Amino acid sequence: MKRPGKKVATDRSFVVALSRGLDVLRAFHPNDGLLGNQELAARTNLPKPTISRLTYTLTKLGYLTPVPRFEKYQLAPSAMALGYAALANLGVRHLSEPYREELMRETGGAVAVGGRDRHSMIYFGQSRAGLLGVQLDVGSRVPIATTAMGRAYIWALPDDERASLLRELRDHYGNRWPKMRDGIERAGEMLARHGFTISAGEWQDDVHAVGVPLKLSDGTGPYAFNCGAPAFRFTEDRLINDIGPRLVTMVRNIEAALGGAAPQSKKTENKKLKAGGKVARVSEGIR
């Protein structure tokens, strides 16, 4: 987790102390349990004295609960209330549930919807039935750059936002970026041809998935859905010829139910992949 960049930190409207306090809360991940000041300092890249003041303040405000016996903290109900309030206001989570459940039953895969959290996608809706090898749930994070959900999200962004995110990912991943960039470019081409992206062992060797973006006309999002399973269950051929088209149909039905934008025709989408098209233009500045 990085500190605010110089440009952001010198913005007179930007409250650095608030940003750092929120970074502390974000440092707690599902199944973490307790975290101490040293662990929080390592996760946030903030000095330990700063962390000590922040955890003291967050405790006084009711967002952290101290556990003196271990000299550590856990998220308090006030912090969890923020997350539950956010989930309650996500109409796409509630409306998509029956669609996700139906696709889960039809395919045997886990179906999820998520949104961006910095360089990750965070699940806020998940449908799975004890699926072997896929242990993600609401609140889980997966990387944007190597997952089907993340790549679908990237290509749903406006051009300028996508270019900015890709530059962030390039700086974040360093020498690992060229391989990730190639996967993102392939995902853009596949999305234009088929309406979905795939990640076949690129995030985890034994997990295969497809991803489809969700674009809404009300200014929220974009979001992305995925459908994944162990690799032996979802072969690449099945991803392309069965799971992908099913997920596209599901997302289009959700868009229609939410009053979202109508999907573009394949003819229109394919134009973007001609010489000088969207994929080439966006990739050009991130090498």
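(A) Summary view of unusual backbone geometry. Of note, Glu 71 is a non-glycine position whose phi angle comes to about 55°, a positive value. For Glu 71, the position within the fold is in the loop between strand 2 (64-67) and strand 3 (72-75). At Arg 118, a position not held by glycine, the phi torsion is positive, near 55°. Secondary-structure assignment places Arg 118 in the loop between strand 4 (110-117) and strand 5 (120-127). Since its relative accessible area comes to 34%, Arg 118 is described here as partly exposed.

(B) The arrangement of the environment of Ala 112 in detail. With respect to the secondary-structure elements, Ala 112 resides in strand 4. In sequence terms Ala 112 and Ser 96 are 16 residues apart; their C-alpha atoms lie 9.4 Å from each other.

(C) Spatial organisation of the sheet that holds strand 8 (residues 207-214). Pairing is antiparallel in the open sheet, where 6 strands are placed in the order 6-5-4-9-8-7. Only two strands of the sheet have a single partner each, and these edge strands are strand 6 (141-143) and strand 7 (197-200). Neighbour-to-neighbour, the strand axes of this sheet turn through a mean angle of 35°, independent of strand direction. The pairing of strand 7 with strand 8 spans 4 bridges and is classified as antiparallel. Its bridge partner lying in strand 8, Ile 198 is registered against Val 210.

(D) Just the side chain of Arg 162, in detail. As for its position among the elements, Arg 162 is in helix 8 (residues 159-173). At 3.0 Å, the side chain of Arg 162 and the backbone oxygen of Ile 154 are in polar contact.

Parameters at a glance
Residues numbered from 1 in each chain as written. Predicted model: local features only at pLDDT ≥ 70, side-chain atom pairs only at ≥ 80, totals over all residues. Heavy atoms only, no water. Helix = DSSP H or I, 4+ residues; strand = E, 2+ residues; numbered from the N terminus. Buried < 20%, exposed > 50% of the residue type's maximum accessible area, 1.4 Å probe, protein only. Pairing = 2+ DSSP bridges. Axes fitted to C-alpha atoms, helices over the stretch in contact; angles between N-to-C directions. Polar contact = N/O pair within 3.5 Å; in protein donor to acceptor, adjacent residues only side chain to side chain.

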